[in-house]
Amino acid sequence: MRRKVGALIPLEVSILEAGIELAVRGAPYFHGFLIAKEVKEREDARLLTAHGTLYKALDRMQKAGLLESEWEDPLLAAGEGRPRRRLYRVTAAGEAALAGARVPQRRGATQPTAGPVTP
Amino acid sequence: MNASLILCLGMVRNWVALYTFGLPRDLREGRRMEIDCDLWEQRQLAEHRREPPLGTAAEIAARALLGAISDITWRAQAGATARADRSIRMNEALYMRAMVGAGVVLALFLILSGIAGVAWYWTLVITIPIGIAMVAIAFFRARQTGGAVGIAVDRMRTKGESRWKWLLLVIGVCVATVVGIFAYLSSLEHWGGLAIASNFVGIIAVLVALSALVLLISDLMGSVRRKTGS
């Protein structure tokens, strides 16, 4: 089934939520493994998100303007003796998309009480 | 490092190398570096938490396996986008289209000159298949990526990239041109204006072939020097 244009899938919502939470904690930039770890911990999942699923989602979100990315300074990575990280950041469009995705959820949650009460 | 972990890391890297093969360099290297970084981070975290290496290896293998379908679909999309981008880029440039046109004209000339050389039947065997192949390559590549000749020029302009294939292609085309012209001229009883023009094209083809040969030899010598030096 094709999803609606502009609609977020659960993994994208999780990535945006985790990314925003990291930004609130003072780390606005995150790399692939870090976000996979955050998503796993938030959702109490048994496994980290699969490589293909994660990086395809990050790529798609970047193209949609929900995330932006840049490669870190190679000297920094070399200094710490590790591979270079591609650092992502949630954009304003990403925050707006997440807010938009939450609205239907809230509406859905309040609908039963907002509806007419049958005697 | 644990043997199971080494095996798993190798398998994941090989898989990434396989599905990114043939993509443009930035996409290919980007994905490979990103997965490399991911594997490194996961390994570091596992070591920090003193998790058993077998468990880490199993989790890495599971992540690779469960994401394989997404990898394949990503590859298909990235490949299609890269082809379209390249096609647009190559076709937009006027000189690239001119180069493709020149390639097609040259190839057609080879066919016609081969046909003209009917008196020397053995030249047909050489020139016609080469000419047909050149036309086919020019049209097929033009439809796919903006033209074989365009790509050849593009490749030659990129420093550090291997250009030997393209130099060989240029030499091949020039040799076929010279053979075709020779066949054509041999079939003529009297030389006219067209014959002189053909001679002129033949001389240019020889000069281009010689230049390409010099570049090829210089590249080969440079490669040998680098190998012996390292």
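Remember, predicted model here, so these are calculated numbers, not experimental data.

Re the overall build of chain A
A tally of helices and strands in chain A yields five helices and two strands. Helices and strands in chain A line up, N terminus first, as α-α-α-β-α-β-α. Out of the 119 residues belonging to chain A, those deemed buried represent 39%. Intrachain contacts of chain A at a sequence separation of at least 6 include 52% that bridge at least 24 residues. Working note: accessible area of chain A is about 7,200 Å², and carbon and sulfur atoms make up 56% of it.

Here's the deal with the overall build of chain B
Scanning chain B from terminus to terminus reveals nine helices and zero strands. If you list the helices and strands of chain B from N to C, you get α-α-α-α-α-α-α-α-α. When contacts within chain B are restricted to residue pairs at least 6 apart in sequence, long-range pairs at least 24 apart make up 65% of them. Counting every atom, chain B has about 13,500 Å² of accessible surface; 70% of that belongs to carbon and sulfur.

Here's the deal with the confidence of the model for chain A
Residues and elements named next belong to chain A. Across chain A, pLDDT averages 85, with 82% of residues at or above 70. The spread of mean pLDDT over the elements of chain A runs between helix α5 (residues 92-114), the lowest at 70, and strand β2 (residues 86-90), the highest at 96. This model gives residues 110-119 a pLDDT under 50, and the stretch forms zero contacts once residues within four places in sequence are excluded.

Description of the interface of chain A and chain B
On the chain B side, the residues contacting the 27 residues of chain A number 27 residues. Buried area between chain A and chain B, both sides added, is near 2,200 Å², and the carbon and sulfur share of it is 62%. Summed over the three residues of chain A that lose the most area to chain B, namely F33(A), H51(A) and K56(A), the buried surface amounts to 30% of that side. Where R85(A) meets E41(B), a salt bridge forms, and the shortest distance between an N and an O atom there is 2.7 Å. At the boundary of chain A and chain B, one finds nine residue pairs in polar contact (both at pLDDT 80 or more).

Quick word on helix α1 (residues 3-20) of chain B
Residue and element names in this part refer to chain B. In this model, α1 (18 residues) spans 26 Å end to end at C-alpha, consistent with the 26 Å of a helix rising 1.5 Å per residue. Taken together, the buried positions of α1 are occupied by S4, L5, C8, L9, V12, V16, Y19 and T20. Projected down its long axis, α1 shows its buried positions confined to an angular sector of 130°, all on one face. Summarising the geometry of α1, the exposed residues directed more than 90 degrees from the buried face are A3, L7, M11, N14 and L18. Following α1 by one or two positions, G22 has its phi on the positive side, about 90°.

Digging into the packing of helix α3 (residues 51-63) of chain A against helix α3 (residues 53-66) of chain B
Close contact between α3(A) and α3(B) brings their axes to 5 Å; oriented N to C, the two are set at 55°. Regarding the angle of α3(A) to α3(B), the classification is oblique. Residues H51(A), T53(A) and L54(A) of α3(A) lie in contact with α3(B), whose contacting residues are I60(B), R63(B), A64(B) and L66(B). Taken together, the residues of the contact of α3(A) with α3(B) sort by class into four nonpolar, two polar and one charged.

Examining the nonpolar core
Core analysis: the largest hydrophobic core is formed by 39 residues, its most contacted members being I15(A), L16(A), F30(A), L58(A) and L67(A). Excluding anything up to four places from it in sequence, I15(A) contacts I35(A), V39(A), L54(A), A57(A), L58(A), M61(A) and L67(A).

Let's talk about a nonpolar patch on the surface
A surface patch of nonpolar side chains, about 630 Å² in accessible area, is lined by I203(B), V206(B), L207(B), L210(B), L213(B), I217(B) and M221(B). Structurally, I203(B) can be placed in helix α9 (residues 193-229).

Description of the pairing of β2(A)
Residues and elements named next belong to chain A. Extensive coverage of β2 is indicated by the burial of four of its five residues. Looking at chain direction, strand β1 (residues 67-71) and β2 are connected through five bridges and run antiparallel. By the bridge assignment, E70 is partnered in β2 with L87.

Overview of unusual backbone geometry
Its identity is not glycine, yet D44(A) carries a phi of approximately 55°, on the positive side. Within the fold, D44(A) resides in the loop between α2 (32-43) and α3.

Cut-offs applied
Residues numbered from 1 in each chain as written. Chains lettered and ligands numbered in written order. Predicted model: local features only at pLDDT ≥ 70, side-chain atom pairs only at ≥ 80, totals over all residues. Heavy atoms only, no water. Helix = DSSP H or I, 4+ residues; strand = E, 2+ residues; numbered from the N terminus. Buried < 20%, exposed > 50% of the residue type's maximum accessible area, 1.4 Å probe, protein only. Contact = heavy atoms within 4.5 Å. Areas by Shrake-Rupley, 256 points an atom, 1.4 Å probe, with all protein chains shown as cover. pLDDT = per-residue confidence, 0-100. Buried area = accessible area lost by both parts, 1.4 Å probe. Salt bridge = Lys/Arg side-chain N within 4 Å of Asp/Glu carboxyl O. Polar contact = N/O pair within 3.5 Å; in protein donor to acceptor, adjacent residues only side chain to side chain. Expected span 1.5 Å × (residues − 1). Arc of directions from axis to C-beta. Axes fitted to C-alpha atoms, helices over the stretch in contact; angles between N-to-C directions. Parallel < 35°, antiparallel > 145°, perpendicular 65-115°, else oblique. Nonpolar A, V, L, I, M, F, W, Y, C, P; charged D, E, K, R; others polar. Core = buried A, V, L, I, M, F, W, Y, C linked by side-chain atoms within 4.5 Å. Patch = residues over 30% accessible without salt bridge, like charges linked within 9 Å, V, L, I, M, F, W, Y side chains within 5 Å. Pairing = 2+ DSSP bridges.

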